[in-house]
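Below, each chain spelled out in residue letters.
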Amino acid sequence: MKDCPWYGVLLIVFLAALSRPAGLLEEMQSRLGPYLMGNDTGVAADEIKTRFALDILGRHRPRFMTLHLSALDDAEHEHGPFSAEANEVLEATDGMLSRLIAAARANDPKAIAVVVSDHGFSSLTHRVNLLIPFIQAGLITMVHDADSPPQVTGWTAEPWLAGGMAAIMLRDPGDKATENKVRDLLQRLQADPNNGIAAVLDAEAVRQRAAFPGASFLVVMRPGYHAANATGGDMVADVTGHGGHGFAPDEPDMHASLVYVRPRHRPAPGPRGDRHAANCTHRRGAA
Ligand SMILES: [Zn+2]
């Protein structure tokens, strides 16, 4: 879908149709300039989202507002967590948060800001191209044409890649012969420490974790070993200067953040005499 040349146009039409009151996005764009064209996740896009959010805070004074800033995720994938590039984006994001919190506090001095991430990040050391052994085992068949990228022509089992994990889907989940063949393959792959596979879970263990509905197996990678999608070359390749997520949730690197920002100074209580009088009134009433 993202390869479609009309993707950006379609997305903005979709967002405009969802905006309430009707016509809000067009009206804001006439004053603030164009909104995002497509799923732009860079720092310039976060700046646009912040500009539109500040406008909503100033004009409509919402009591509750959410905003997704995504450039840090992009930068940590591209350059690794705590890289100079990622830290630069983090500082830019911090500036955006400061402006947003100030605007929310201008509306309500007691406004509380909550910053939450949806996952942590690991530095990557290897890419593990799990499709390759499935192709070699005949579980995925492909055609290689010199003029176009390789095309999948058939499959009985394939990995669905999810960063630090890969769900193994069977075309027919009741196909026991394929299930046994895949189990043997995964056990062989796990036995080689160079492949970076921490665990292989069966369908029941996957179901108990409420992960990947319908998966017959789940391959859990060791931190640093990212499931990747190359269909040729080496199965395991070294990588430096990148980051990833999707590893087991009990890995400390995967812990998410929750930051809760209250006003630095609590609003001053009412005049001391009033509060004293209220207490006295209460006591008298109780007596
Ligand atoms: Zn990400």
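Computed from a predicted structure; not experimentally measured. (Residues numbered from 1 in each chain as written. Predicted model: local features only at pLDDT ≥ 70, side-chain atom pairs only at ≥ 80, totals over all residues.)

### Quick notes on unusual backbone geometry
- Cis rather than trans, the peptide bond between Arg-20 and Pro-21 has omega equal to -5°.
- Relative to the assigned elements, Pro-21 resides in the loop between helix 1 (7-18) and helix 2 (24-32).
- Backbone geometry places Arg-61, a non-glycine residue, at a positive phi of 45°.
- In this structure, Arg-61 sits in the loop between helix 3 (43-60) and helix 4 (71-79).
- Even without being a glycine, Ala-210 presents a positive backbone phi close to 55°.
- Ala-210 sits in the exposed class, given 7 other C-beta atoms within 10 Å. (Helix = DSSP H or I, 4+ residues; strand = E, 2+ residues; numbered from the N terminus. Buried ≥ 20, exposed ≤ 12 C-beta atoms within 10 Å, placed from the backbone.)

### Structural notes on the environment of Ala-113
- Here Ala-113 is to be found in strand 1 (residues 113-116).
- Measuring from C-alpha to C-alpha, the distance between Ala-113 and Tyr-260 comes to 6.0 Å, with 147 residues separating the pair along the chain.

### Re the sheet that holds strand 7 (residues 165-170)
- Ordered in space as 6-7-9-8, the four strands form an open sheet in which the pairing is antiparallel. Looking at strand neighbours, the two that pair on one side only are strand 6 (157-161) and strand 8 (197-202), the edges of this open sheet. Strand-to-strand twist in this sheet, taken as the mean axis angle between neighbours without regard to direction, amounts to 20°.
- Pairing geometry for strand 7 and strand 9 (residues 217-221), over four bridges, is antiparallel. (Pairing = 2+ DSSP bridges. Axes fitted to C-alpha atoms, helices over the stretch in contact; angles between N-to-C directions.)

### Some points on the pairing of strand 3 (residues 126-129)
- Where strand 3 meets strand 10 (residues 225-228), four bridges bridge the pair, whose relative direction is parallel. Paired with Asn-129 across the strands is Ala-228, a residue of strand 10.
- The sheet contact formed by strand 3 and strand 11 (residues 236-238) spans three bridges and is antiparallel. In the sheet register, Arg-127 faces strand 11, and the bridge partner there is Ala-237.

### Focus on the environment of Arg-222
- If you trace the backbone, Arg-222 turns up in the loop between strand 9 and strand 10.
- The class of Arg-222 is partly exposed, set by 19 C-beta atoms lying within 10 Å.
- Other than its neighbours up to four places away in sequence, Arg-222 contacts Gly-196 and Ala-198. (Contact = placed C-beta atoms within 7 Å.)

### Description of the nonpolar core
- In terms of nonpolar packing, the biggest core is built from 27 residues, with Met-165, Ile-168, Phe-217, Leu-218, Val-219 and Met-221 touching the most fellow members.
- Counting residues per element, the ones that place at least two in this core are helix 6 (131-136), strand 7, helix 7 (176-191), strand 8, strand 9 and strand 10.
- Apart from the residues within four sequence positions on either side, Met-221 is in contact with Val-128, Gly-164, Met-165, Gly-196, Ile-197, Ala-198, His-226, Ala-227 and Phe-247.
- Core analysis: the second largest hydrophobic core is formed by seven residues, Ala-71, Leu-72, Val-89 and Met-96 among them. (Core = buried A, V, L, I, M, F, W, Y, C linked by C-beta atoms within 7 Å.)

### A word on the packing of helix 3 against helix 5 (residues 84-107)
- Put simply, helix 3 and helix 5 touch, their axes get as near as 10 Å, and they point 5° apart. Considered as vectors, helix 3 and helix 5 are oriented roughly parallel to each other. For the pair helix 3 and helix 5, the contacting residues are Val-43, Asp-46, Glu-47, Thr-50, Ala-53, Leu-54, Leu-57 and Gly-58 in the first and Val-89, Ala-92, Thr-93, Met-96, Arg-99, Leu-100, Ala-103, Ala-104 and Asn-107 in the second.
- The class makeup of the residues in the contact of helix 3 with helix 5 is ten nonpolar, four polar and three charged. (Parallel < 35°, antiparallel > 145°, perpendicular 65-115°, else oblique. Nonpolar A, V, L, I, M, F, W, Y, C, P; charged D, E, K, R; others polar.)

### Focus on the sheet that holds strand 10
- Taken in spatial order, the three strands line up as 10-3-11 in an open sheet, and their pairing is mixed. Either end of the sheet is taken by a strand with one partner, and the two such strands are strand 10 and strand 11. If you compare each strand with its neighbour and ignore which way they point, the axes differ by 30° on average.

### Looking at helix 5
- Between its first and last C-alpha atoms helix 5 spans 35 Å; for 24 residues at 1.5 Å apiece the expected length is 34 Å, and the two agree.
- Three or more residues of helix 5 are buried, namely Ala-86, Val-89, Thr-93, Met-96 and Ala-104. (Expected span 1.5 Å × (residues − 1).)

### Here we look at the environment of Asp-238
- Mapping Asp-238 onto the fold places it in strand 11.
- Judged by local crowding, Asp-238 falls into the exposed class, with 9 C-beta atoms found within 10 Å.
- Separated by 110 residues in the primary sequence, Asp-238 and Val-128 have C-alpha atoms spaced 8.9 Å apart.

These figures capture arrangement, not role.
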